[in-house]
Structure formats: structure tokens, C-alpha cells
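Below, each chain spelled out in residue letters.
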Amino acid sequence: KFGNLPILFMSDWIELLQELSDTPTEFIEIVGLAALGACSPHVHFPTSFSKKGIHTNIYGLIVAKSGKFRKSTAIDFLRDMLDDVLPELEIPAKATPEALIEQIAMRNGKGAIQMHDEWTQQIIEIQKKGYQEGIAGIWMQMFDKRKLIQQRHSKRNSDGEQKVDADRVVDPHFNMLGACT
């Protein structure tokens, strides 16, 4: 029934953005694919090498010189479209590993996309020890649609009983789109 929908979306997306800006077609295409990925959490393509199939998690990176190629312009088009149609898909670009897991846990089974206008600094930060430590591993687990459990410090209620406090990511559908110089 909807077999041609991605093709129709992509051709319309490319045509519209080419009319509105001089962003290179390749950048428009990766942003469009990220949009499709974020909006299709239950789509997967069967394969002979995986019983789960290939899911539509898209991790896209636009690399170009600053100021010439409209990297942020392409991402802003997607951000504007999502603000109008599905604002709940976008999650904050800057998040600790714990905050990212919490955001994805709130969207179990639903799509999510994290967009970075300038990803270079975050890529540098994840290589250092600090608040971003461990986030790359979380990105990889979510790309593979693996379950994640983040256990927090157990608390006690007023009766002294221990209360478990955890975020559970059961069915992640996480997409990323970034730009670097």
C-alpha cells in the first residue's frame, strides 16, 4: 500500500529544498533519509544474516567547509518540518549518557532523532573522560536496537523499603544527524 511512499517523499523533499536553497543535493538526501529513519520505528528489511532484519536507524554525518555548503541549512529544514509535524521526535543535541537513555526510554518503540549543527566538539568530548564518557557505546547499542537498562541509586520510601529507580530502553529507534567542518 505504501511501497512508493519513501521514493515519493525523497523526490519531493529534494525538489523542495533545491528550490529553497543552494544546499548540495547529497546533503539534502542524507537529511531526507534521516527524516524517513526517524519516522519509521517499526520498519525493517528482512535479511538472510539477521533474524531481526535491518532497521531504519540512520546515523548521518555531513562534512564540509564552514559557511559554503549550507550544512546547518539542510538540518534546519528537517528541524522546521519536525516542529510542524512531529515535534516529539527531536531530542536534545547535548545530553549526558544518562539523560539520553532517559529520553529514549520515554519513547520506547517510537522514533527519535538527535541533530547536531556542529558535531565536531561533541566528537572531541566523547574521546575524553568526563560527562560524555560512555555515550558512543550507547549510540552503538541503540543502532543495533539492543535493550538498555540504566540503574540509578536505589532509594528508600517513607516505610524504609528500597525503591528501584531505573530507566529501561526496550525498543530503541534512535537516529542521529550531524554536521562537521
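Criteria and cut-off values
Every chain begins its residue count from 1, and numbering advances along the sequence as written. Totals for whole chains, interfaces and linings use all residues, but because this is a predicted model, local features are given only for residues with pLDDT of at least 70 and pairs of side-chain atoms are given and counted only at 80 or more. Excluded from the side-chain calculation are hydrogens and water; included are all heavy atoms of the structure. Numbered from the N terminus, helices here are DSSP runs of H or I no shorter than four residues, and strands are runs of E no shorter than two. Only protein chains enter the accessibility calculation, which uses a 1.4 Å probe; a residue is then buried when its area is under 20% of its type maximum, exposed when over 50%, and partly exposed in between. For this analysis, residues touch if any pair of their heavy atoms sits within 4.5 Å. Values of accessible area rely on a 1.4 Å probe in the Shrake-Rupley scheme; residue burial ignores everything except the protein chains shown. The charge count treats Lys and Arg as positive and Asp and Glu as negative. His and the chain ends do not count. By convention, the charge on Lys lies at NZ, on Arg at CZ, on Asp at CG and on Glu at CD. By the convention used here, strands pair only if DSSP detects at least 2 bridges between them. Fitting a line to C-alpha atoms yields each axis, with helices limited to the stretch in contact; the angle taken between N-to-C directions then spans 0 to 180 degrees. Patches were defined on residues exceeding 30% relative accessible area and lacking a salt bridge, with like-charge contacts within 9 Å and nonpolar side-chain contacts (Val, Leu, Ile, Met, Phe, Trp, Tyr) within 5 Å. Definition used for salt bridges: Asp or Glu carboxyl oxygen within 4 Å of a side-chain nitrogen of Lys or Arg. Contacts described as polar in this section are N or O atom pairs within 3.5 Å, which, within protein, must combine one atom able to donate a hydrogen with one able to accept it, while residues neighboring in sequence count only if both atoms come from side chains. Here, nonpolar core means buried Ala, Val, Leu, Ile, Met, Phe, Trp, Tyr and Cys residues that are tied together by side-chain atoms lying within 4.5 Å of each other.

1. Observations regarding the overall build of the chain
Along its length, the chain carries 6 helices and 10 strands. The principal-axis extent of the C-alpha atoms belonging to the chain is close to 65 × 40 × 35 Å. Per-residue burial over the chain gives 38% buried out of 181 residues. The contacts in the chain between residues at least 6 apart in sequence include a share of 66% that link residues at least 24 apart. Carbon and sulfur atoms form 57% of the exposed surface of the chain, whose accessible area is close to 10,700 Å². Averaged over its 21 positive side-chain charges, the chain has a centre that lies 8 Å from the centre of its 24 negative ones.

2. Concerning the pairing of strand β6 (residues 148-151)
Side chains of β6 alternate between two faces, with L148 and Q150 buried and I149 and Q151 left unburied. Here β6 pairs with strand β9 (residues 166-169) via 4 bridges, running antiparallel. Bridging from a neighbouring strand, Q151 pairs with A166 of β9.

3. Description of the side chain of H116
Structurally, H116 can be placed in strand β5 (residues 112-116). On the basis of relative accessible area, H116 is assigned to the buried category, the value being 3%. Not counting residues within four places of it along the chain, the set of residues in contact with H116 comprises I75, A93, Q122, M176, L177, G178 and A179.

4. What about unusual backbone geometry?
Here K145, not a glycine, exhibits a phi torsion of approximately 60°, which is positive. With respect to the element layout, K145 can be found in the loop between α6 (135-143) and β6.

5. Some points on the sheet that holds strand β10 (residues 174-180)
The parallel open sheet is built from 4 strands, whose spatial order is β3-β10-β5-β4. Of all the strands in the sheet, the pair left with one neighbour each is β3 (59-63) and β4 (90-91). Of the strand pairs in this sheet, β5 and β10 are connected by 5 bridges, and their pairing is parallel. Within β10, the position partnered with M115 by the bridge is L177. In this fold helix α3 (residues 71-85) packs onto β3, β4, β5 and β10, with an angle of close to 145° to the strand it touches most, β5.

6. Examining a nonpolar patch on the surface
A cluster of nonpolar residues, V43, F45, F49 and I54, forms a patch on the protein surface that exposes about 410 Å² of accessible area. In this structure, F49 sits in the loop between β1 (44-45) and β2 (54-55).

7. Digging into the side chain of T23
Checked against the element boundaries, T23 lands in the loop between α1 (5-20) and α2 (25-38). Engagement of the side chain of T23 in a polar contact is seen with the side chain of S21, the distance being 2.8 Å. Not counting residues within four places of it along the chain, the set of residues in contact with T23 comprises I28, F69, R70, T73 and A74.

8. Looking at the nonpolar core
Buried together is how nonpolar side chains tend to be arranged in soluble globular proteins. Core analysis: the largest hydrophobic core is formed by 22 residues, its most contacted members being W13, V31, I75, L78, I113, M115 and L177. Looking at this core, the elements with two or more residues in it are α1, α2, α3, β5 and β10. Examining the composition of this core, we find that 6 residues originate from one element, α2, more than from any other. Discounting chain neighbours no more than four positions away, the residues touching W13 are I28, V31, G32, F77, L78 and M81.

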